[in-house]
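Listed below are the residues making up each chain.
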Amino acid sequence: MADANIQGEGKLPAIAKRVQNLGDLAIWQRSRAYHDLIGYINGTSSAIQGIKTTDEVLESEMLRKLLRLFDSLEKLVEQHPPLEQPQRFGNKAYRDWAQEMREQMPELLEQLLPAAKKRYQSELEQYLMESFGNATRIDYGTGHELSFLFFLCSLFKAEILQEQDIVSAALRLFNRYLEFVRQLQRTYNMEPAGSQGVWSLDDFQFVPFIWGSAQLAVKSPFDPSKFVDEQIISDFKDHFMFISCIDYICKVKTGHFGEHSNQLWSITDVPSWVKINAGLVKMYQKEILSKFPVIQHVYFGELMAFEPVSPGTTITNARLGHVAPPPSKRICIGTPNLVPPVPVSAAPAPPPPAESLSNDLNVGDSSSESSDSSVVLRPSTSSASLVAAAEGSGDKPNVQAAQGEATKEQAAE
């Protein structure tokens, strides 16, 4: 059967939203885009472990061009200062900025894309424009961050960025994006999109915690139990994305950290950054990538394709806690010419229904495999939770019990 996403023979796939109902979530979890996304996130984690954000890393000319694009977007912010208005959230000047951003984006991308890659411009535009928030609601959240991850992954799939760029794409380009969306949040008082409040990991971001914990997986200068200490935040906020996020939270929220950021506060009980990273990836899959309210807004195209992967196709696993493998072994994503899947002894089990993915945030390695090539992402059999408070800790709330209550409330809504 022909893919319904093809607009006639010989034409490129339409750039469209494909998750229309809850049943489409299972299709999304078997899609090429889903596999490439998780592979890209895990491949990047493996590549950046032990590397500080401030370390000198290779920056290709294309990477520098992409960084300069954010300079242009910042100038637009200066041209659209916030308006005087009574509302606390959602400054309407953001809509003017967003409109001009969308008008200028085609020209900005056309200037930096090589001629041979212009065929991907429309798809890249869509992902990038969606990554800065919603102009109607004037909000920003992890769904918009996901769109930027689609943009990054697409740059590699289209071979606009090369494998040599994988470290700088995270520690330079993604970090630049992170700084810019924080500027948008503060300037226009953007509301958190879909935040669960104290029970969310963070009001706005998720991926910098994954990649930030990967940075700390090797030669970490402090243990996980220390990341909320004021001195640690002051000393390392510029060096690690994880601590940068903690610093930002402390600037925009008041009160005890364990009260306004309970999920993060409880991570201090997890013994290693490797386990934190593995748990965060599972949490991301379950709390973001398996949520219909998030995925219904996601666009798909040729580079991030909604088509299903072949049975037995595997996902690259992050292998942390040691020096990253050489680039030839660091397989993170496929190219538009799909590489035949790596055969495995048994086909992976289909992803569980979305309703079963709500509250089982297990830690541990995503797979017990030790191969450098892609491995099947298997659910952990451990009963330990990433955010479970250590047994007998008197001053930290019982997060598991509270999470259960929060899940019941969500189910009732």
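Just so we're clear, the structure is a prediction, and the values are computed from it rather than from any experiment.

Draft legend 1. Geometry of the overall build of the protein chain. From N to C terminus, the protein chain includes 15 helices and 4 strands. For the protein chain, with 413 residues in total, the buried portion stands at 54%. Once local pairs closer than 6 in sequence are excluded, the contacts in the protein chain between residues at least 24 apart make up 79%. Carbon and sulfur atoms provide 50% of the accessible area of the protein chain, an area that totals close to 18,600 Å².

Draft legend 2. Spatial organisation of the environment of Pro114. Along the chain, Pro114 turns up in the loop between helix H4 (93-112) and helix H5 (121-129). Residue classification places Pro114 among the partly exposed residues on the basis of a relative accessible area of 34%. Residues Pro114 and Met62, 52 residues apart in the sequence, show an inter-C-alpha distance of 9.3 Å.

Draft legend 3. Geometry of the nonpolar core. The biggest cluster of nonpolar side chains holds 112 residues, and the ones touching the most others in it are Trp28, Leu73, Trp97, Phe132 and Trp211. In terms of residues, this core owes the most to one element, helix H7 (residues 166-187), which gives 12 residues. Those residues in contact with Trp211 that sit more than four places away from it in its chain are Tyr40, Ile41, Thr44, Ser45, Ile48, Leu149, Leu152, Ala170, Phe174 and Met241.

Draft legend 4. Main features of unusual backbone geometry. Look at Ile138: it is not a glycine, yet its phi comes out positive at around 50 degrees. Turning to its location among the elements, Ile138 is positioned in the loop between H5 and strand E2 (139-140).

Draft legend 5. Region of interest: empty space enclosed by the protein. Evaluated as defined, the whole model comprises 3 cavities of 30 Å³ or more. The calculated volume of the second largest cavity comes to roughly 40 Å³. Mapped by element, the contributors of at least two residues to the lining of the second largest cavity are H7 and helix H10 (241-252). Taken together, the residues of the lining of the second largest cavity break down into 3 nonpolar, 2 polar and 2 charged.

Draft legend 6. Quick look at the packing of helix H8 (residues 207-215) against helix H13 (residues 273-287). At a minimum axis separation of 8 Å, H8 and H13 run at an interaxial angle of 155 degrees. It follows from the interaxial angle that H8 and H13 lie roughly antiparallel. Like other packed secondary-structure pairs, H8 and H13 cross with a definite hand, here left-handed. For the pair H8 and H13, the contacting residues are Val207, Phe209, Ile210, Ser213 and Ala214 in the first and Trp273, Ile276, Asn277, Leu280, Val281 and Tyr284 in the second. Considering only residue class, the contact of H8 with H13 consists of 9 nonpolar, 2 polar and no charged.

The rules behind each value
- Residues numbered from 1 in each chain as written.
- Predicted model: local features only at pLDDT ≥ 70, side-chain atom pairs only at ≥ 80, totals over all residues.
- Heavy atoms only, no water.
- Helix = DSSP H or I, 4+ residues; strand = E, 2+ residues; numbered from the N terminus.
- Buried < 20%, exposed > 50% of the residue type's maximum accessible area, 1.4 Å probe, protein only.
- Contact = heavy atoms within 4.5 Å.
- Areas by Shrake-Rupley, 256 points an atom, 1.4 Å probe, with all protein chains shown as cover.
- Core = buried A, V, L, I, M, F, W, Y, C linked by side-chain atoms within 4.5 Å.
- 1 Å grid on protein atoms, 1.4 Å probe; cavity = no way out; pocket = protein on both sides within 12 Å on 5 of 7 lines; lining within 4 Å.
- Points joined across faces, edges and corners; volume = space filled by probe spheres on them.
- Nonpolar A, V, L, I, M, F, W, Y, C, P; charged D, E, K, R; others polar.
- Axes fitted to C-alpha atoms, helices over the stretch in contact; angles between N-to-C directions.
- Parallel < 35°, antiparallel > 145°, perpendicular 65-115°, else oblique.
- Left-handed = near helix turned anticlockwise from the far one by under 90°.

What is shown is where atoms sit, not what they do.
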